[in-house]
Amino acid sequence: MNTVEKYKKFVITSMVDKIQPVVIERARGAEILDGEGKTYIDCFSGISVVNAGHNNEKVMEAAKAQVDKLIHCASYIYYSKPTADLAEQLARIAPGRLQKTFFGNSGAEAVEGALRLAKAFTGRTEFIALQASFHGRSYATLSVTGNSARKRRGAPYMPGCAFLPAPYCYRCFYELEYPSCRLRCARALEDIIRFDTADHVAAFIAEPLMGEGGIITPPAEFFLEIEKTLKKHGILFIDDEVQSGFARTGRMFAIEHYGVEPDIMAMAKGIADGFPLGGFIAREEIADSFRPGDHLTTFGGNPVSCAAGLANIGVLEEQNLAEAAVKKGELVRTLLSPLMDRYSMIGEIRGKGLMIGIELVRDAHKTPAASEAGRIRDFCLANGVLIGAGGVYGNVIRIQPPLVISETQIRGALDVMQTAFQKVVSSE
Ligand code: PLP
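*Asks:* So what exactly am I meant to see when it comes to unusual backbone geometry here?
*Replies:* A negative phi angle characterises most non-glycine residues, just as the trans form characterises most peptide bonds. Cis geometry is found at the peptide bond from A155 to P156, where omega equals 0°. Here P156 shows up in the loop between α7 (148-151) and β6 (161-164). One non-glycine residue, R153, adopts positive backbone phi at about 65°. You can see R153 is positioned in the loop between α7 and β6. Under the relative-accessibility criterion, R153 is labelled exposed at 89%. Although it is not a glycine, E175 sits at a positive phi angle of roughly 55°.

Shown next as structure tokens:
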């Protein structure tokens, strides 16, 4: 039996429409090799994970050295140096006064714990999140996820979750235009608190750039407006940086674009360049509100993942990959802009740094062109380029390559994308 046959027989895959038909065997930087020796330019990073590049030399070395010493010790029962060292570095690079980290293994676990901490600190029990958001696949994280497509067949969810219209300017839920809207969506928070909650809100949770929603990019003042209302009501702000963190958007954390300070921040994906690790970091007084027995996980703070995470931060900083994300993101946009003029199907190109979304629409009514997005992704794959297709309407092409991608690779990938548009649009 080959790998695909074994997947069919032994791996649960019924929850995915289609696994991309490629068996990935090895990878380096932004290049992936399949089992037959075919190479691909990776523009999706394993869903925005390998920011420092696949199998980054320094990250591998650090992980291998740690494997030789110690793989697991239960980092909350005993002390472990890599766990302490990584937490120290996270406190240094995290925005504002965020200082103490709890480590888990995934994004969902990071968000779940952040919600739990917000409850512990405030003594309150409710949450407000954004429509079109995504925060993970566990019970609590799905409860604050604003997308029925992810929640189907799982109801009922955690009570006490209210939703604010997303800052999705291209499809403004109020049918207004930015900036004359004066951020109607952010101003709605006051009403949501008043009419949709019991005024017992522990935290507001949001992604600074909404990845799974379709790289929805809030306007510049959105979080400042939100912050005013949160402060007035003593509500914490949980910043979900699981997808946008670690230099991807041109800053170490995407919330830095918005000039507000989170109270708790969730991290995963890009934290250790592919090693499974997640965590949340909080201001000291918030972090210390857990009491004995309140929270724990066996693998959290795993020494190998933490050693990889530490090396990863070193690489991001030494190579100034945040700045690289800005420059390379500009190149992608420059190469995409003639396509925008040529194909009316491209409704909007948005994002920051190397977190870029292209929203595809069929007509002037902005009917989502979801099957076209899927066909463009499939064409790219068949021609050696990996991209994502997603968004709440399934019609957003996602370009999120490793930040070490070269200019030649960007140009090569964009050439293929251009042909993909030509083929898909001309076959309509
Ligand atoms: N939060 C955000 C913003 C995400 O994009 C994701 C995953 O895509 C998660 C949380 C969940 O992360 P994980 O899949 O590691 O559980």
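*Asks:* Before we go on, may I ask you to explain helix α3 (residues 57-69) in this structure?
*Replies:* The periodicity of an α-helix, 3.6 residues per turn, causes residues three or four places apart in sequence to face the same way. Taking 1.5 Å of rise per residue, 13 residues should cover 18 Å, and α3 covers 19 Å from first to last C-alpha, within 8% of that figure. Those residues of α3 not exposed but buried are V59, M60, A63 and Q66. With its buried residues spanning 135° around the axis, α3 presents them on a single face. In α3, the exposed positions angled more than 90 degrees off the buried face are occupied by K64, D68 and K69. Those residues of α3 that are buried are in contact with β1 (24-28), α4 (81-93) and α12 (303-318). For α3, the N-terminal cap is N56; the gap from its side-chain oxygen to the backbone nitrogen of K58 is 2.9 Å.

About the thresholds
Residues numbered from 1 in each chain as written. Predicted model: local features only at pLDDT ≥ 70, side-chain atom pairs only at ≥ 80, totals over all residues. Heavy atoms only, no water. Helix = DSSP H or I, 4+ residues; strand = E, 2+ residues; numbered from the N terminus. Buried < 20%, exposed > 50% of the residue type's maximum accessible area, 1.4 Å probe, protein only. Expected span 1.5 Å × (residues − 1). Arc of directions from axis to C-beta. Contact = heavy atoms within 4.5 Å. Polar contact = N/O pair within 3.5 Å; in protein donor to acceptor, adjacent residues only side chain to side chain.

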